[in-house]
Protein chains: 2
Amino acid sequence: MVAQLEGFYDVVHRRRDVRAQFTGAEIADGVLERILASAHAAPSVGLSQPWDFVLVRDETTRKTFWDHVQQERQEYAATLEGASAELFSGVRIEGILDATLSVVVTYDPARGAPSVLGRHAIDDAGLYSVCLAIENLWLAAAAEGLGLGWVSFYRESFLAELLGIPRDIRPVAWLCLGPVSDLESAPDLEHHGRRSRLPIEEVVHEERWEDRAGASGS
Amino acid sequence: MVAQLEGFYDVVHRRRDVRAQFTGAEIADGVLERILASAHAAPSVGLSQPWDFVLVRDETTRKTFWDHVQQERQEYAATLEGASAELFSGVRIEGILDATLSVVVTYDPARGAPSVLGRHAIDDAGLYSVCLAIENLWLAAAAEGLGLGWVSFYRESFLAELLGIPRDIRPVAWLCLGPVSDLESAPDLEHHGRRSRLPIEEVVHEERWEDRAGASGS
């Protein structure tokens, strides 16, 4: 395999969802710009580019969001019992206060409307485009040796109000970003024994859907 | 910049949404496996890995889908007038019959349920995970020198029935994949003068949402 290909796959497989390893160190000049340019180079339905990126460094804003996330964590914890509850109590879910900054990614359905090519039959296609940009951002961070963690323990309405996001723009992700002490070699939930990665054979089908006992709901 | 980083960014910026350049040639041994392994290595909420990949090579299946896409294209075309209609008449929207194969990607909300960590507040987080896998797949294809095109002119119910996808599994994407004669240097819709890429300054905000006249709905 040529070196470029090996390097690319190394990034894909090295990328992790980071919670605990952020150092808070500054990001070197030019790095954040390259990472954001990667996100902005993502494919989008009808070239609508319906994403925005809000860079949040302010400590008060982050503390307010962190408080909200702790409430949501407690709410979720209250739905668990026994072994699940115990396991979750040891799982870290975010690095909001430790990471150098956060990047909030949003979706604007009005951008490029009314005639967004390819969205007439599948309205969610615009939302899908935003996620493609997030993965570009995530991989670019890994390529640069930075860590990224997607926080999803929050209510969209809370985040929208916190950042003054207009009613017709949807928050899609709160991403913690910055230098890390290291990237773990396996997903955090695998370390905790909560989940394991599925063999790829279980998720690949030939020609038509093939039922796989055990994959769904396992 | 180190070589690995340059190589990674080259892939990100070289990736295109391909419609017209598929050659239909065979894919070399091992390549499809590496591309699918990239998709399967994507991050997912609560490590739920809620994606499946249906590899479609059968010509009858592809022709049936292609016929449906032509109908949807006509339906969309009928909503356009004047210059928009004329521009669209020259825009190619898919390479279903030309590409070596198609990969249909689906979302299974039941995988890992009921307690998917991080999905209690944001139900769409599982759907987002599937899109992250699609972008990994897309970039890996570009890294391998293959083309990929996302077709979104179809009804989900039609595709589900065509491939025997169960009612509780949602089709997310029909992707055409295979060797190409070349990758264009700019998005197809830019060539056609329908859209242009936004300056990145228009989509980056500091600390809070900042209104940008012209970005939304432009």
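Each remark here, short or long, concerns the structure printed above.
Figured I'd write up the structure that's included with this text.

Conventions used here
- Residues numbered from 1 in each chain as written.
- Chains lettered and ligands numbered in written order.
- Predicted model: local features only at pLDDT ≥ 70, side-chain atom pairs only at ≥ 80, totals over all residues.
- Least-squares fit on C-alpha atoms with pLDDT ≥ 70 in both.
- Contact = placed C-beta atoms within 7 Å.
- Axes fitted to C-alpha atoms, helices over the stretch in contact; angles between N-to-C directions.
- Helix = DSSP H or I, 4+ residues; strand = E, 2+ residues; numbered from the N terminus.
- Parallel < 35°, antiparallel > 145°, perpendicular 65-115°, else oblique.
- Nonpolar A, V, L, I, M, F, W, Y, C, P; charged D, E, K, R; others polar.
- Pairing = 2+ DSSP bridges.

Comments concerning the relation of the copies chain B and chain A
Right, on to step 1. Mapping chain B onto chain A calls for a rotation angle of 180° and an axial translation of 0.0 Å; the resulting RMSD is 0.0 Å. On the angle and the small slide along the axis, the relation comes out as a two-fold axis.
Right, on to step 2. Here 100% of the interface residues in chain B have copies in chain A that are interface residues too; the copies meet face to matching face.

Structural notes on the packing of helix α1 (residues 3–14) of chain A against helix α1 (residues 3–14) of chain B
Right, on to step 1. Viewed as axis vectors pointing N to C, α1 of chain A and α1 of chain B meet at an angle of 85°, and their least axial separation amounts to 9 Å. By the criterion of interaxial angle, the relationship of α1 of chain A to α1 of chain B is roughly perpendicular. Mapping the contact onto sequence places Ala3, Gln4, Gly7, Phe8 and Val11 of chain A in α1 of chain A and Ala3, Gln4, Gly7, Phe8 and Val11 of chain B in α1 of chain B.
Right, on to step 2. By residue class, the composition of the contact of α1 of chain A with α1 of chain B is 6 nonpolar, 4 polar and no charged.

Structural notes on the sheet that holds strand β2 (residues 101–107) of chain B
Right, on to step 1. Strand order across the open sheet formed by 5 strands is β5(A)-β1(B)-β2(B)-β4(B)-β3(B), with mixed pairing between neighbours. Where the open sheet ends on each side, the last strands, each with one partner, are β5 (204–206) of chain A together with β3 (146–151) of chain B. The mean angle between the axes of side-by-side strands here comes to 25°, regardless of whether they run parallel or antiparallel.
Right, on to step 2. Relative to β2 of chain B, strand β1 (residues 51–56) of chain B is paired through 6 bridges, and the arrangement is antiparallel. Opposite Phe53 of chain B, over in β2 of chain B, you have Val105 of chain B as the bridge partner.

Some points on the interface of chain B and chain A
Right, on to step 1. At the interface, 84 residues of chain B touch 84 residues of chain A.
Right, on to step 2. When residues of the side of chain B that touches chain A are traced back to their parent elements, those giving at least two are α1, α2 (31–40), β1, α3 (59–77), α5 (125–143), α6 (156–163), α7 (188–191) and β5 (204–206) of chain B.
Right, on to step 3. No other element matches the 10 residues that α5 of chain B contributes to the side of chain B that touches chain A.
Right, on to step 4. Residue classes in the side of chain B that touches chain A are distributed as 47 nonpolar, 19 polar and 18 charged.

Re the packing of α1 of chain B against α5 of chain B
All names here are of chain B.
Right, on to step 1. Two elements in contact, α1 and α5, have axes whose closest approach is 9 Å; the angle formed by their N-to-C orientations is 105°. Put simply, α1 runs roughly perpendicular to α5. Of α5, the residues touching α1 (which contributes Val11, Val12 and Arg14) are Leu139, Ala142 and Ala143.
Right, on to step 2. Taken together, the residues of the contact of α1 with α5 sort by class into 5 nonpolar, no polar and 1 charged.

A look at unusual backbone geometry
Right, on to step 1. One non-glycine residue, Gln49 of chain A, adopts positive backbone phi at about 45°.
Right, on to step 2. Along the chain, the position of Gln49 of chain A falls in the loop between α2 (31–40) and β1 (51–56).

Points about the sheet that holds strand β2 (residues 101–107) of chain A
Right, on to step 1. What the 5 strands build is an open sheet, ordered β3(A)-β4(A)-β2(A)-β1(A)-β5(B); its pairing is mixed. Each edge of the sheet is formed by a strand with only one pairing partner; in this case those strands are β3 (146–151) of chain A together with β5 of chain B. On average, adjacent strands in this sheet sit at an angle of 25° to one another, irrespective of strand direction.
Right, on to step 2. With 3 bridges connecting them, β1 of chain A and β5 of chain B associate as parallel partners. Across the sheet, residue Val54 of chain A finds its bridge partner in β5 of chain B, namely His205 of chain B.

On their own, these measurements won't tell you what the molecule is for.
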